[in-house]
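# Fold and geometry: a report
The residues making up each chain are set out below.
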Protein chains: 2
Amino acid sequence: MGYQINGERLLQNLTRMAQFGLNEKGGIDRSLGSQADYDTREWLKSYWQEHLEAEPETDPIANLWVRHQGLENRKPLVIGSHHDAVPDGGKYDGAMGVLIATEVLETIVEQGIPLKHPLYAISFTGEEPNPYNLSTLGSKVISGRLRKDDLTHIYNRETGKSLEDTIKWLGGNISELEKARIQPGELAGFLEVHNELGRHLEAQGLHLSGVSTITGIYREEIRISGENNHAGTTMMPDRKDAFLALADFATGLNEIVAAYEDPDVVGTMGYVKVNPNEANIIPGSAVGIIDIRTCERKIITEIVKQLDALTKKIEDSRNVKLQRSVLLDQPARFMDEDIQRIVKENLVKMKEPENVMVSMAGHDAANMQLVTKAGMIFTRSVGGKGHCREEFTEDADVIKAGQLALDTILKMDEELP
Amino acid sequence: MGYQINGERLLQNLTRMAQFGLNEKGGIDRSLGSQADYDTREWLKSYWQEHLEAEPETDPIANLWVRHQGLENRKPLVIGSHHDAVPDGGKYDGAMGVLIATEVLETIVEQGIPLKHPLYAISFTGEEPNPYNLSTLGSKVISGRLRKDDLTHIYNRETGKSLEDTIKWLGGNISELEKARIQPGELAGFLEVHNELGRHLEAQGLHLSGVSTITGIYREEIRISGENNHAGTTMMPDRKDAFLALADFATGLNEIVAAYEDPDVVGTMGYVKVNPNEANIIPGSAVGIIDIRTCERKIITEIVKQLDALTKKIEDSRNVKLQRSVLLDQPARFMDEDIQRIVKENLVKMKEPENVMVSMAGHDAANMQLVTKAGMIFTRSVGGKGHCREEFTEDADVIKAGQLALDTILKMDEELP
């Protein structure tokens with residue numbers, strides 16, 4: 001049988017953490033720098049202190065760490081996820097991974113399981129989109145993707161509070177940011193457990209999976225210049241309606257992407273702004289942001305080529321100008337093959353179907369992959385729901401994922417240098 | 001030749017009024033209740049006092065009036081327009097009509113032109129869309145379309161200031177609103193001069209026109225309920241993208257309306273709101289406001305029938321729900337036939353082509369038509385520009401419109417009871 005986690009305790013901790021930021025609709029508001037972010041950290045640190053026989057630490061970007069020493073002088077293994085949430089989000093996204101990391105360590109400490117490597121748990125700062133416009137903040141700093149100069153003039157778009165002050169309040173210190181950096185080769189490996197946030201597992205009748213790749217993400221801002229005009233007096237052929245052009249672009253992108261009929265190729269216009277946005281004025285300008293995801297560079301190239309043709313067509317038919325600029329072009333990130341193999345072997349031992357899949361969402365593991373062997377475990381999201389208060393992973397799956405994480409860490413400890 | 005206005009003086013006054021609310025882009029910010037609104041009123045009242053030998057008055061909704069007595073005990077004629085402006089608007093919209101009314105009275109006073117009727121000039125309060133969401137406010141109150149109870153809980157959506165306080169600051173008093181009301185039959189007639197705000201006159205090579213009808217305006221709010229979902233993990237066929245549905249509705253409306261190929265039938269979606277409006281979340285809900293204008297009830301009915309079919313089609317293809325509600329269904333308002341005839345006769349005397357046209361924009365005259373014989377004169381808007389800082393009417397057209405207004409008032413005085 002091997003070592004077993006305490007599933008009940010894991011579920012209790014999940015319920016406990018879900019109280020921080022709980023809103024009247026039953027969702028969780030726990031954005032970076034919120035009071036709920038602060039309170040969650042205080043609770044987690046005191047839990048770790050009490051149950052893991054170790055002093056929690058806060059690094060300069062305010063990632064929370066707790067360190068368990070190994071028997072040998074090896075590089076550390078790290079397990080964790082994030083505790084912040086999207087606005088009105090659910091209780092699994094991030095929190096489940098942090099509490100599974102906690103449960104893995106607590107089982108190891110409680111049962112005196114010998115490890116060759118040190119094992120650290122981490123709860124990352126600001127993984128989700130937030131009012132500072134910085135997602136996966138903690139892991140980007142660790143992996144060197146963000147430096148001190150990138151973070152000194154960032155302000156909360158709602159409150160105006162500086163990121164520096166927020167990080168300080170959370171126990172970090174941006175002026176010492178370099179100390180949070182982890183160099184490639186400093187760690188032995190990283191594991192993150194997360195809910196899938198999509199319906200791929202459910203569609204295949206699966207409950208758990210390893211992850212092979214984290215999708216590439218390509219984003220463009222589309223700025224359309226037409227002409228503000230009176231909605232009554234301007235004859236239809238004279239119009240330069242920027243919103244109609246943006247509407248054409250959104251529906252055109254949708255058609256282009258849907259034609260692939262591939263669950264791992266998606267495209268969305270999620271952000272839209274129209275000016276002057278008055279019922280009686282023809283929109284003179286409009287802005288949209290598109291987000292395209294696929295693991296394959298070739299497909300991005302194909303789609304962008306089709307968007308170029310679409311752009312020309314819209315400019316001609318709507319009598320407007322389109323300006324497109326690339327906001328993000330993040331390549332796919334490949335998870336470590338050894339960890340993929342270990343996860344698959346452990347799934348077989350648990351009598352679960354062997355499976356690895358593409359993650360269509362970004363995760364801290366994508367940044368950790370830049371500095372160490374990184375792997376992920378996904379749990380089924382019922383109905384595919386993610387980034388909303390209705391997200392749900394069955395209790396049995398949470399417990400199985402916790403056990404799979406323990407087994408995987410023990411095997412990583414055994415096999416990795 | 002008859003009596004002549006002073007064209008130079010009229011142009012000077014137009015330049016003078018354009019200083020109030022002038023912004024650094026050369027546009028005019030003079031929204032209801034702004035400091036520029038207040039300052040314009042102070043200037044106009046002092047100008048009237050000095051030049052018209054009469055004491056200006058402010059009615060309970062803060063419309064500005066100046067009264068010139070007639071020789072006989074007749075009902076009054078009224079001439080005027082509004083002095084407020086759309087954000088970043090131009091110097092002609094409203095202001096030209098007020099200053100032509102001023103010039104007509106000043107000419108009459110200066111040259112001692114005998115009138116049988118009393119002649120009043122008016123500058124209406126809050127004609128333009130404004131942060132209180134009340135356009136043609138002053139004329140709606142005069143004509144009884146808005147009562148005290150409609151106005152007691154209205155707040156500026158940007159500053160939170162109550163409409164009551166704003167009107168009080170401008171010299172009105174909402175608690176005495178009924179005293180601003182004019183009953184049908186109390187006046188002998190009303191005339192408003194305005195720039196066209198469209199390109200119909202320019203397209204026909206005309207500079208001036210009478211107005212036959214003020215278009216009907218039909219507005220609907222379109223609320224779309226889809227489902228917020230992760231822009232990466234949600235497969236294309238699983239999506240309920242509310243924004244794509246709104247985009248389909250906007251482009252569908254455009255097609256339906258454009259098919260009429262009639263300059264007096266237009267439709268627009270000028271207001272759009274998408275939720276949650278994040279680049280990485282599929283929009284779960286979206287709201288749009290459509291505005292359709294035509295003088296013919298039959299055409300509105302036809303268009304709405306086509307929108308019903310469009311709604312069903314979008315609900316099926318995008319897997320969303322549409323809720324449509326009528327925000328406004330204002331019938332076309334017909335200008336008085338006698339005044340139309342007088343304007344046409346005067347155009348012929350001025351050796352201008354005889355013309356009357358549909359106004360595709362709403363105007364205070366549409367409300368005044370409810371209580372008296374109302375007429376309008378339009379000037380060419382160069383390039384059809386309206387509701388923007390680039391709006392322009394040539395000096396010669398401003399002067400001709402002033403002369404046409406004087407001639408028309410003198411003829412109305414002669415002919416109307």
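Preceding this paragraph is the structure being described.
Rules of the game
- Residues numbered from 1 in each chain as written.
- Chains lettered and ligands numbered in written order.
- Predicted model: local features only at pLDDT ≥ 70, side-chain atom pairs only at ≥ 80, totals over all residues.
- Heavy atoms only, no water.
- Phe/Tyr/Trp six-rings, centres within 6.5 Å; stacked < 30°, edge-to-face > 60°.
- Helix = DSSP H or I, 4+ residues; strand = E, 2+ residues; numbered from the N terminus.
- Buried < 20%, exposed > 50% of the residue type's maximum accessible area, 1.4 Å probe, protein only.
- Lys NZ or Arg CZ within 6 Å of the ring centre and 35° of its normal.
- Contact = heavy atoms within 4.5 Å.
- Buried area = accessible area lost by both parts, 1.4 Å probe.
- Salt bridge = Lys/Arg side-chain N within 4 Å of Asp/Glu carboxyl O.
- Polar contact = N/O pair within 3.5 Å; in protein donor to acceptor, adjacent residues only side chain to side chain.
- Pairing = 2+ DSSP bridges.
- Axes fitted to C-alpha atoms, helices over the stretch in contact; angles between N-to-C directions.
- Lys, Arg positive; Asp, Glu negative; His and termini not counted.
- Least-squares fit on C-alpha atoms with pLDDT ≥ 70 in both.
- Core = buried A, V, L, I, M, F, W, Y, C linked by side-chain atoms within 4.5 Å.

## With respect to the packing of aromatic side chains
Enumeration according to the criterion identifies 13 aromatic pairs over all chains in this entry. Summarising the aromatic geometry, the rings of Trp65(B) and Tyr120(B) are spaced 6.0 Å apart at their centres and angled 90° between planes, so their arrangement reads as edge-to-face. Here Trp65(B) is found in strand E2 (residues 64–68), whereas its partner Tyr120(B) is found in strand E4 (residues 119–124), with 55 residues between them in sequence. For Trp65(B), a relative accessible area of 4% puts it in the buried group. An aromatic cluster is built from Phe20(A), Trp43(A) and Tyr47(A), whose rings are joined through pairwise contacts. If you follow Arg67(A) out to its NZ or CZ, it ends over the ring of Tyr120(A), 4.6 Å from the centre.

## Topic: the interface of chain B and chain A
Each partner contributes residues to the interface: chain B has 57 residues there, and chain A has 57 residues. Together, Thr233(B), Met235(B) and Met236(B) form the three largest contributors to the area buried by chain B at its contact with chain A, with a combined 13%. In this assembly, chain B and chain A are joined by six salt bridges. The shortest N-O distance in the salt bridge between Arg199(A) and Asp238(B) comes to 2.5 Å. Linking chain B with chain A are 18 residue pairs in polar contact (both at pLDDT 80 or more), by the criterion used here. Those elements that provide at least two residues to the side of chain B that touches chain A are helix H7 (200–203), strand E8 (229–230), helix H8 (242–258), strand E9 (266–275), strand E10 (281–282) and strand E11 (285–294) of chain B.

## Quick look at the sheet that holds E9(B)
All names here are of chain B. The strand order E9-E11-E7-E12 describes an open sheet built from four strands, whose pairing is antiparallel. Of all strands in the sheet, those with a lone pairing partner are E9 and strand E12 (321–330), marking the two edges. Averaged over all pairs of adjacent strands, the angle between strand axes in this sheet comes to 15°, irrespective of strand direction. As paired elements, E9 and E11 share nine bridges and run antiparallel to each other. By the bridge assignment for E11, Met269 is matched with Ile290.

## Structural notes on the side chain of Glu196(B)
Summarising the element assignment, Glu196(B) is placed in the loop between strand E5 (189–195) and H7. One buried charged side chain, Glu196(B), makes no salt bridge at all; its nearest oppositely charged neighbour is Arg380(B), positioned 7.4 Å away. Looking at Glu196(B), its side chain comes within polar contact range of the main-chain nitrogen of His200(B), at 3.0 Å. Setting aside anything within four residues of it in sequence, one finds Glu196(B) in contact with Thr233(A), Leu201(B), Met357(B), Phe378(B), Thr379(B) and Ser381(B).

## With respect to the sheet that holds strand E11 (residues 285–294) of chain A
All names here are of chain A. Taken together, four strands build an open sheet; the order of strands is E9-E11-E7-E12 and the sheet is antiparallel. If you trace the sheet from one side to the other, it starts and ends with strand E9 (266–275) and strand E12 (321–330), each paired once. Within this sheet the neighbouring strands show an average axis-to-axis angle of 15°, counted without direction. Here strand E7 (residues 216–225) pairs with E12 via nine bridges, running antiparallel. Looking at the pairing, Ile224 lines up with Leu322 of E12.

## Looking at the pattern of salt bridges
Throughout the structure, instances matching the rule amount to 60 salt bridges over all chains. Put simply, Glu227(B) and Lys385(A) hold a salt bridge, and the shortest N to O gap is 3.3 Å. Separated into two different chains, Glu227(B) in the loop between strand E7 (216–225) and E8 and Lys385(A) in the loop between strand E15 (374–379) and helix H12 (395–415) make up a pair that spans both. Look at Glu227(B) and you get partly exposed, because its relative accessible area is 23%. With a shortest N-O distance of 3.1 Å, Arg223(B) and Glu221(B) are connected by a salt bridge. Three or more residues are tied together by salt bridges with common partners; here these are Asp336(A), Asp338(A), Arg341(A), Glu345(A), Lys373(A), Lys411(A) and Glu415(A).

## Focus: the relation of the copies chain B and chain A
Least-squares fitting of chain B to chain A yields an RMSD of 0.1 Å, with the superposition described by an axial translation of 0.1 Å and a rotation of 180°. Within this description, the copies of the chain are treated as partners about a two-fold rotation axis. When C-alpha positions in chain B are compared against the rotation axis, the closest is assigned to Ala247(B), at 2.3 Å. Comparing interface residues between copies, 100% of those in chain B also lie at the interface in chain A; the contact surface is shared.

## Structural notes on the nonpolar core
In terms of nonpolar packing, the biggest core is built from 66 residues, with Phe249(A), Ile303(A), Leu307(A), Phe249(B), Ile303(B) and Leu307(B) touching the most fellow members. For Leu307(A), the contacting residues outside a window of four places in its chain are Phe249(A), Leu253(A), Ile256(A), Ile290(A), Ile292(A) and Arg324(A).

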